[in-house]
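# Structural overview for review
Chain by chain, the residues run as shown.
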Amino acid sequence: MIPWVHLDTSPIPGEAATLRLMRRGDEFAIVVDSIELMNSRRSGSERALASLACARLREWRRPRVLIGGLGMGFTLRTALDELAPDAEVVVAELVPAVVAWARGPLAHLFAGSLDDPRVTLRETDVHHVIDHGPGAYDAILLDVDNGPEGLVQQTNDRLYDVAGLGRAHRALKPGGLLGVWSERPDRKFKSRFQRGGFTVEEHKVRSAGSGGRHVVWIGEKAAAPR
């Protein structure tokens, strides 16, 4: 078997952990310590996160979408494929090295999506973007850490606790969608999600053509009364 080759290492702002970019042949992985966060051959659930939400926005006029976490670009690319030409997609990525990898050794995975005129890339914590203003987005997609039970940053908990879900709810327009990716099911989170004011759907989706399943939750904020 071809061994993994280490390409680069980057600290995570505010944390003791570091991210490593690894390559094995044409396969890439981003790893924190000994935990694989993402793999270029297992992108099905990241794509599903975008397609399940953005497919609903196809007929919306000038939809505005926030993606938390750049990763390997699979969520972004799928969102752009689903959305109309008048859409706007804001991507918030905390780790500058992930952005550098997207324009360097992983550029072929992004296939030019970062140069799409609909895309604005911000090197910042998505938490701060969500806090920026009420009613700013038609959809927010969170592919941060390994889901609500984060492994990389303890501060990511503030995205998924009751207060964090409340902030996301305020940041959405009436009828807006909050999509959350997770490596595993979490009944407590689904219940908390519902208490945050959302109608919630749970989807179990494959990470690749075969193998394990991940979870995508799509929460809908109530539409404004007519």
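Residue numbers restart at each chain and count upward from 1, following the sequence in its written direction. Only residues with pLDDT of at least 70 are given local features in this predicted model, and only at 80 or more are side-chain atom pairs given and counted; all residues enter the totals for whole chains, interfaces and linings. As a rule here, side-chain values cover all heavy atoms of the structure and leave hydrogens and water aside.

## Considerations on a positive patch on the surface
Quick note on the threshold: Excluding any residue in a salt bridge, patches collect residues exceeding 30% relative accessible area, merging like charges within 9 Å and nonpolar Val, Leu, Ile, Met, Phe, Trp and Tyr side chains within 5 Å. Exposure was quantified through the Shrake-Rupley algorithm and a 1.4 Å probe, taking into account, for residues, occlusion by the shown protein chains and nothing else. For this document, the term salt bridge refers to a Lys or Arg side-chain nitrogen within 4 Å of an Asp or Glu carboxyl oxygen. Residues scored as charged are limited to Lys and Arg (positive) and Asp and Glu (negative), so that His and the chain ends carry no count. Positions of charges follow a simple convention, taking NZ of Lys, CZ of Arg, CG of Asp or CD of Glu. Each helix is a run of DSSP H or I of at least 4 residues and each strand a run of E of at least 2, with the numbering of both proceeding from the N terminus.
On the surface, a cluster of positive charge is made up of R187, K204, R206 and R213. Turning to its location among the elements, R187 is positioned in helix α8 (residues 187–195).

## What to know about the pairing of strand β3 (residues 27–32)
Heads up, the rule is: Burial classification: accessible surface area is computed with a 1.4 Å probe over protein chains only, and a residue below 20% of its type maximum counts as buried, one above 50% as exposed, and the rest as partly exposed. Any two strands with at least two DSSP-identified bridges between them are counted as paired.
Counted residue by residue, β3 has six buried out of six residues, so it is predominantly covered. Across the two faces of β3 the burial is the same, with E27, A29 and V31 and F28, I30 and V32 all buried. Bridge count between strand β2 (residues 18–24) and β3: six bridges; the pairing is antiparallel. Bridge pairing in β3 places R23 opposite F28. Between β2 and β3, which follow one another and run antiparallel, lie two residues, and G25 among them has a positive phi close to 65°. Two elements, β3 and strand β4 (residues 35–39), share four bridges in a ladder whose sense is antiparallel. Among the inter-strand pairings, V31 is bridged to a residue of β4, identified as E36.

## Quick notes on the packing of aromatic side chains
Keep this limit in mind: Stacked, edge-to-face and tilted are the three classes for Phe, Tyr and Trp ring pairs, Trp counted by its six-membered ring, which pair at centre distances within 6.5 Å; planes under 30 degrees apart are stacked, over 60 edge-to-face, the rest tilted.
The tally for this structure, following the rule as stated, stands at four aromatic pairs. Both rings, one in Y160 and one in F189, keep their centres 5.8 Å apart while their planes meet at 85°; by these two values the pair is edge-to-face. Taken together, the positions of Y160 in helix α6 (residues 157–160) and F189 in helix α8 put the pair 29 residues apart, joining distant regions of the chain. For the pair shown, Y160 and F189 are each scored as buried.

## Some points on the sheet that holds strand β10 (residues 198–206)
Put simply, the test is: Only the contacting stretch of a helix is used when fitting its axis, a line to C-alpha atoms as for every element, and angles between N-to-C directions run 0 to 180 degrees. What makes two residues a contact is simply this: any of their non-hydrogen atoms within 4.5 Å.
Across the sheet, seven strands lie side by side as β7-β6-β5-β8-β9-β11-β10; this open sheet has mixed pairing. Each end of this open sheet is capped by a strand with a single partner; those strands are β7 (119–122) and β10. Strand after strand, the sheet turns through a mean of 15° between neighbouring axes, direction not considered. Across five bridges, the pairing between strand β8 (residues 137–142) and strand β9 (residues 172–182) is parallel. Across the sheet, the residue bridging to Y137 is L172, located in β9. Contacts between α8 and the sheet are confined to β9, β10 and β11 (213–221), with β10 contributing the most and set at about 150° to the helix.

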